[in-house]
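# Report on the structure
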Amino acid sequence: MDRGHTEAQYKFNFILVDEDCQECQTAKQNAITSNIPDTFRYKESQLPLQGKMWKKLAQLEKEQCRQRDIGAKSPEMYKSELKVKKTQLREKQAAYDMSKAMTCFISAISTPGLERSYVLKWMRMNLDNLSRESLSGLREQYKEKCQNSSENKEDIKDLDKQISNSSLGTEHFLREMGQLYESSVLLPEGEVSRQQLLHLPKLCAELLLDGYPLELVDGDASNIPLRWVSDVLCELDALVKPKNKIMVITVLGVQSTGKSTLLNTMFGVQFAVSSGRCTRGAFMLLIKVKEDFKKQLDCDFVVIIDTEGLKSPELAQLDDSHEHDNELATLVIGLSDITIINIAMENSTEMKDILQIVVHAFLRMKEVGKKPKCQFVHQNVSDVSAHDKNMRDRKMLLEQLNEMTQAAAKMENKEENKNFTDVIEYNPDTGNWYIPGLWHGNPPMAPVNAGYSEAVFELKRNMVQVLQRCDISKNNIMEFLEWTKSLWNAVKYENFIFSFRNSLVADAYMKLCTKFNKWEWEFRKHMYTWVANAQTKISNFRTILDEFQTSDIEELLVDLKSKALSQISKWEKILLDNLTKYYEQTEGHVCLVEGYRETFSNTAKSLRREMENSVLNQLEAAVEIRKGMCSLETIKENHTIKLEQRVLELLEECRKSKVQKSDKDLDRDFDKMWDTTVKELSFKGLDPKDVVEKVLKQLRLNLKQRASPLIKTVNNIKLNQCGVEPFDVPIDGFFKKVKHAVINMFYLDDHISKLQALADSIIYACLLLINDKVQKETDYHDNDIQEVLHIIDERLSASRDPQTNCEFEVKLKLHICGIASRQLQEMHGHFIEVNDPRRCLEQYRNKYHDDFKDLFNKRDQCKTKAEEFTQLCLKPAVEANVLNSLGPDIVDEMLTGRNALQFSTRAFFQYSVLKHLISEFRFENYYVSYIVSYEEYVKKWIYNQIKEHLSNGLKIWELQQRHLKANIQNITDAITKMQKDKNCNLEKYVQNICKELGNTLVIPKDALSAFMILNNADQEQFAQWLKKSIEEMEQSLMIKLQKQSVQSILEALRIKPQDILFNRVFGCGMQCPFCKAPCEAGGKAHTDHFASVHRPQGLGTYRFLHSRKLDTDICSSLVFCEGCFCCYETDEENHPYKKYQEIYPDWHIPADPSIQASDYWKYVMTHFNKKFAKEYKALPADIPPAWKNITKEQAENSLKECFSIK
């Protein structure tokens, strides 16, 4: 044949088709599924990892959470055994060599883009043909048997197993790839086989980007391969970053109701719908959003999740079908931004079943802070105008939804939800869509219904509008992954709501707490400054009287109270407005913490009440003390006037004397005059108070307000004899005393011991407050003991122990008030002694003497008087001001410096303390002190953190210097300003300076009065010397401040930064009733307590009754198993751990976010087991074998995981 003719003919006849291209032909050869004689055997030999071993692993994972077969074993021992079994199964998986089919599959999908696409298409076609042949007969048999399901149960189960075994699709190969990866990551990092499989997640991520689905939930094993899915999504995030915002759409419905077809029609995707193979599990698929549409949807990708049918005939035959459906529905609804509920109108029973499952899932999401939207789609509706005609049906649907809501709420113990609209935002008119059937008649000969696509398009357009109106922040890929992990971990437990933990929710909560704590500190700091200024005004009353335009201190108090209330109201409004604005933002997953809005709003109101009581009490106390000082100052002024008069008379006599006076003569004359005058003066000082009696009076008033029946017993008490001996909880009756002695003999925890621990903690807190007041060296005021009584009442109330009876309360208050009365009496006596008029007068004897001699000798007093005014009046005032201002500044430094994170919230504080403990890793004075004396340890830890931070560098000096320079500048400005008035004398000039400084400095009254007399200095020269004296004072103070230690400064501060920080992070002070882990809930007004990390109960002194061995069980595991506990609160009767909230209703103990979450305390208990046993006088615990393998690094990582530290 002629060659040219042949080529021409070939070109003319050739029609280009995909199948003829080189890539397609190569892919056809690489497609490994063209010849599979027996599907079941092929899967066993070529895909072995996803069979029985994977299903057994899935069962073990759920059993670790649910512990249904625990029997009489210890929960931690049982979990340790299950962990060993899981490890063994993974090792068996890892022992398999990669099959030939999987080697070829991985090689084929590793080829360039187009060829990979062809490979997967060929595989899909071949597998569809294979399924059509192998499954069609089994499906027919299955349908026949299902018609009489009660008689053919075993046959149906057997057929279901055959259908599952005979089903083969590309998802099985990808599932095997995931199992290969999961088993390999447990191998040592240097292992070659592990290194060879590290690229698989990226390969799967590329497939996702190419539009192929990823199996999220394995429907056969009813499990998620979390490590595989996590690493795939991490790789996907790395490939698309920063364009990684996603929106999730999910479909749920009964099997074979066209869910996959609906998604395929709506989004142009290709979920498997042919060959009689129904979707099993859940699959996710990625759709890229066009650039011009990204702003409208506020996302880069749309994720579509297709799920298996709920209440499917196969699963209905299994015992846990309802549980499986609930798990799947909870997971996918939790992941969704919008959920399509697909309802086929033919079967009302199935519709009722799916509604119950769906409502249950939505209720769970509401409780954990997620608010997905939903659309109900009614398929196979014959009339296209069905929406207008089905108002009655929609009303009936809403009634059914309300009925299901009440049933679900009862099951979840959330019975406040009465209607479906209480759970989710739903409008029956806009939330329902009616779609006709896909076919006109019965397929395969029936034509396609064009109305189907039109109705689906309208649904899609409406959903896009709903999503555009959403005010919630969109998740990125990593946040979607976090939701997947946390939701799946929670559904593995039987009680979802109480086991749900999510780092995104935790992160959103931490952000809210951080913000609120910042606003609260701004409020407190402002009021600290305001009160300090108000107290300065009160202290300067009469000295700078003109400033206040009132001569009555009571008028001043009324004015200050009014201004204080105005300031407090203003800041309360700022706080509430900030909270409202915070919840209005769309970023930061604020919607997840909507449930805490009321708690923080109540906390703001509670803070207002606290500040109001504190500020008003401080003002009243300051005015009361000032009143007493005013009468004393009148006496001192009279003494000063009298002495000045006598000195001037003596001066006149000496000048008139014709005899030359030597210094000795002058000294003798002055001493004689001083002694004579002092004898003539009356030195009536402050009237001494019977502080003990005053404290007893306040105690009676307190008990009267609390309606205590034992108030009469207080009347005959000698308070000064109370509190001498250590406090012991009173025990009534011989039987109770014997019982307590026996319990102590076995070192068990009983109610008396708990009360003793409560009393000891209250006594410790009160003594700290009393010592702080005594150190301030002020006079006694009734507010002092009222604050102490308030602490006692607050702590007793917080304990919520009904057995803290009146007798216990009265004896505790008598004990503390007895100690307080003696210390406060001593403080009052010291105050009277310091302010004794005679002592104050003698203090300035030398000054009077020197002034007398200067005047007699006509010396220039300008320099001397300037130095005197600086040293006696200004310097003490400046030092006091620096100390008063330093406390809040140090708090600011700790909240904004490198320590900012650890004091930002209570949870971060706990993390910081626990991290410090493991870094030191010592038993004595560290772990044992933290557990046994938590409050005391925390106070010392905060104090040491402040001391350490301020000791590094010159930070404390910089803070002091700033205030010192500000004061010096104010003084210099006042001197310069007052110099402009040339007409005033020196006395008026100094008074004007004092008035100018009156809002910031408290000038000592005695020193100022002594300075004013016997003064003949020239005002102009005095001013010049005064400026020089101020400069010298600044230098001397700088030297003095630099030499001070941080510890001495902290002890001298009036506002203690360690106390402010302690109150900020200590919180409510409640501890877990089982393991004593401290509550971390934010906001003072919270009603639910929780802790991120719970401990083995043995660390809280719990031991087994018969063996006396410390207990290794952890309450976050116990509350989800079948065990029981007994204690005083249960009347020593056994009570199920699962129903612990019946006994402790204000505690929320979620499950560990992973089995490794409590590794921190497991590691601690393992290493210090013998030391804890010795400390608690018990026997060492039987440590579960798995605990001994925990490393320090794993313990630290578990801590980060629990507190969501990135």
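Computed from a prediction, not measured in an experiment: that's the story for all the values here.

## Points about the overall build of the protein
Across its full length, the protein carries 49 helices and ten strands. The proportion of buried residues among the 1206 residues of the protein is 53%. For the protein, the share of sequence-separated contacts (at least 6 apart) that also reach a separation of at least 24 residues comes to 78%.

## Some details on the packing of helix α47 (residues 1159-1167) against helix α49 (residues 1192-1202)
Interaxial distance between α47 and α49 falls to 7 Å at its minimum, and their mutual angle equals 140°. Taken together, the residues of α49 that come into contact with α47 (itself represented by Asp-1159, Tyr-1160 and Tyr-1163) are Lys-1192, Gln-1194, Ala-1195, Ser-1198 and Leu-1199. Its residues placed into classes, the contact of α47 with α49 shows four nonpolar, two polar and two charged.

## Topic: the packing of helix α36 (residues 862-896) against helix α42 (residues 1005-1012)
Running from amino to carboxyl end, α36 crosses α42 at an angle of 170°, the nearest separation of the two axes being 9 Å. Comparing the axis directions of α36 and α42 gives the class roughly antiparallel. Contact with α36, carried on its side by Lys-865, Glu-868, Phe-869, Leu-872 and Cys-873, involves Ala-1007, Leu-1008 and Phe-1011 of α42 and no other residues of that element. In terms of residue class, the contact of α36 with α42 is built from six nonpolar, no polar and two charged.

## Regarding the packing of aromatic side chains
All told, the structure shown has 41 aromatic pairs when counted by the stated rule. Relative to Tyr-582, the ring of Trp-519 lies with its centre 6.2 Å away and its plane at 80°, an arrangement referred to as edge-to-face. Of this pair, Trp-519 sits in helix α24 (residues 503-539) while Tyr-582 sits in helix α25 (residues 553-584); the two residues are 63 residues apart in sequence, bridging distant segments of the chain. An identical accessibility class is assigned to Trp-519 and Tyr-582; each is buried. Their ring planes at 75° and their centres at 6.1 Å tell us that Phe-727 and Phe-808 sit as a pair that is edge-to-face. Here Phe-727 is found in the loop between α29 (711-715) and α30 (734-745), whereas its partner Phe-808 is found in helix α33 (residues 806-834), with 81 residues between them in sequence. Neither Phe-727 nor Phe-808 differs from the other in exposure class; each is buried. Across from the ring centre of Trp-1025, 4.9 Å away, lies the NZ or CZ of Lys-1028, which sits over that ring.

## Concerning the pairing of strand β1 (residues 214-218)
With five of five residues buried, β1 is to be regarded as a mostly interior element. Bridge count between β1 and strand β3 (residues 281-288): four bridges; the pairing is antiparallel. Within β3, the position partnered with Val-217 by the bridge is Ala-282.

## Side note on the pattern of salt bridges
Summed over the entire model, instances satisfying the criterion amount to 52 salt bridges. Between Glu-935 and Lys-939 there is a salt bridge, with its nearest N and O atoms 3.8 Å apart. You can see Glu-935 and its partner Lys-939 sitting in helix α39 (residues 934-951), four residues apart, about one turn around the helix. The two residues Glu-935 and Lys-939 agree in class, both being buried.

## What about the pairing of strand β4 (residues 301-307)?
Of all seven residues that make up β4, seven are buried, and the element is covered over most of its length. As paired strands, β3 and β4 are joined by seven bridges and run antiparallel to one another. When the sheet's bridge partners are listed, Met-284 is paired in β4 with Ile-305.

## Focus: the environment of His-639
Tracing the sequence through the fold places His-639 in helix α26 (residues 597-656). Sequence separation between His-639 and Thr-677 is 38 residues; the distance between their C-alpha atoms is 9.3 Å. Residues in contact with His-639, not counting those within four places in the same chain, are Leu-681, Ser-682, Phe-683, Pro-837 and Leu-841.

## Regarding the side chain of Arg-1064
Inspection of the secondary structure assignment puts Arg-1064 in helix α45 (residues 1057-1066). Buried and unpaired, Arg-1064 has Glu-520 as its nearest opposite-charge partner, separated by 6.4 Å.

## What about the nonpolar core?
Counting residues in hydrophobic clusters, the biggest one holds 125 residues, and the most contacted among them are Ile-890, Tyr-927, Ile-942, Trp-1161 and Phe-1172. Per element, the largest residue contribution to this core is 14 residues, and it comes from α24. Beyond its immediate stretch of four places on either side in the chain, Tyr-927 contacts Leu-914, Leu-917, Ile-918, Phe-921, Arg-922, Tyr-1160, Trp-1161, Val-1164, Phe-1168 and Phe-1172. With 106 residues, the next largest nonpolar core counts Trp-122, Leu-214, Leu-233 and Val-368 among its residues.

## Re the side chain of Arg-116
Checked against the element boundaries, Arg-116 lands in helix α7 (residues 113-146). Only 3.1 Å separates the side chain of Arg-116 from the side chain of Asp-210, close enough to count as a polar contact. Those residues in contact with Arg-116 that lie beyond four places of it in its chain are Ala-108, Ile-109, Thr-111, Leu-203, Glu-206, Leu-207 and Asp-210.

## A closer look at helix α4 (residues 52-66)
For α4, with 15 residues, the first-to-last C-alpha span of 21 Å sits near the 21 Å given by 1.5 Å per residue. Most of α4 sits out of view: eleven of its 15 residues are buried. Regarding α4, the residues found buried are Met-53, Trp-54, Leu-57, Ala-58, Leu-60, Glu-61, Lys-62, Glu-63, Gln-64, Cys-65 and Arg-66.

## Some points on helix α12 (residues 226-240)
Working note: α-helix, 3.6 residues per turn, so residues spaced by three or four point in the same direction. A rise of 1.5 Å per residue sets the reference length of α12, with its 15 residues, at 21 Å; its end C-alpha atoms lie 21 Å apart and thus fit the reference within 8%. Listed in full, the buried residues belonging to α12 are Leu-226, Trp-228, Val-229, Ser-230, Asp-231, Val-232, Leu-233, Leu-236, Asp-237 and Val-240. Looking at the packing, one finds that the buried side of α12 touches α9 (170-184), α11 (200-209), β1, β3, β4 and α22 (477-491).

## A word on unusual backbone geometry
Lys-241 connects to Pro-242 through a cis peptide bond whose omega is 5°. Structurally, Pro-242 is set in the loop between α12 and β2 (245-253). Within the chain, Phe-921 stands out as a residue other than glycine whose phi angle is a positive 45°. With respect to the helices, strands and loops of the structure, Phe-921 is situated in the loop between α37 (906-920) and α38 (923-932). Of the residues examined, Phe-921 reaches a relative accessible area of 18% and is grouped as buried. You will see that Asn-925, though not glycine, has its phi angle at about 65°, which is positive. Residue placement: Asn-925 occurs in helix α38. In this structure Asn-925 comes out as exposed when scored by relative accessible area, which is 59%.

## Regarding the environment of Asp-1146
Residue placement: Asp-1146 occurs in the loop between β10 (1135-1136) and α47. Between the C-alpha atoms of Asp-1146 and Thr-1087, which are 59 residues apart in sequence, the distance is 6.3 Å.

## Remarks on the state of the cysteines
Following the criterion strictly, the structure yields zero disulfides and no others. Cysteine Cys-994 is unpaired, with the sulfur of Cys-873 as its nearest cysteine sulfur at 6.7 Å. Since its relative accessible area comes to 5%, Cys-994 is described here as buried. Looking at Cys-1068, it has no disulfide partner, and the nearest cysteine sulfur is the one in Cys-1079, 3.7 Å off. According to the relative accessible area criterion, Cys-1068 is partly exposed, its value standing at 28%.

## Re the environment of Asn-720
Tracing the sequence through the fold places Asn-720 in the loop between α29 and α30. Relative accessible area serves as the criterion here: at 43%, Asn-720 is assigned to the partly exposed category. Sequence separation between Asn-720 and Leu-814 is 94 residues, and the spatial gap between their C-alpha atoms is 9.6 Å. Discounting residues that sit within four places of it in the chain, Asn-720 has contacts with Val-692 and Arg-822.

## Some words on the confidence of the model for the protein
Detailed reading of the predicted coordinates is not advisable wherever pLDDT is low. Of all residues in the protein, 88% have pLDDT values of 70 or greater, and the mean over the chain is 81. Of all the helices and strands in the protein, helix α1 (residues 3-13) carries the lowest mean pLDDT, 43, while α12 carries the highest, 93. Scored below 50 in pLDDT, residues 313-319 shows 16 contacts in the model against residues more than four places distant or in partner chains. The low-confidence segment residues 545-549, where pLDDT is below 50, has eight contacts with residues more than four positions distant or belonging to other chains.

The rules behind these values
- Residues numbered from 1 in each chain as written.
- Predicted model: local features only at pLDDT ≥ 70, side-chain atom pairs only at ≥ 80, totals over all residues.
- Heavy atoms only, no water.
- Helix = DSSP H or I, 4+ residues; strand = E, 2+ residues; numbered from the N terminus.
- Buried < 20%, exposed > 50% of the residue type's maximum accessible area, 1.4 Å probe, protein only.
- Contact = heavy atoms within 4.5 Å.
- Axes fitted to C-alpha atoms, helices over the stretch in contact; angles between N-to-C directions.
- Nonpolar A, V, L, I, M, F, W, Y, C, P; charged D, E, K, R; others polar.
- Parallel < 35°, antiparallel > 145°, perpendicular 65-115°, else oblique.
- Phe/Tyr/Trp six-rings, centres within 6.5 Å; stacked < 30°, edge-to-face > 60°.
- Lys NZ or Arg CZ within 6 Å of the ring centre and 35° of its normal.
- Pairing = 2+ DSSP bridges.
- Salt bridge = Lys/Arg side-chain N within 4 Å of Asp/Glu carboxyl O.
- Lys, Arg positive; Asp, Glu negative; His and termini not counted.
- Core = buried A, V, L, I, M, F, W, Y, C linked by side-chain atoms within 4.5 Å.
- Polar contact = N/O pair within 3.5 Å; in protein donor to acceptor, adjacent residues only side chain to side chain.
- Expected span 1.5 Å × (residues − 1).
- Disulfide = S-S within 2.5 Å.
- pLDDT = per-residue confidence, 0-100.

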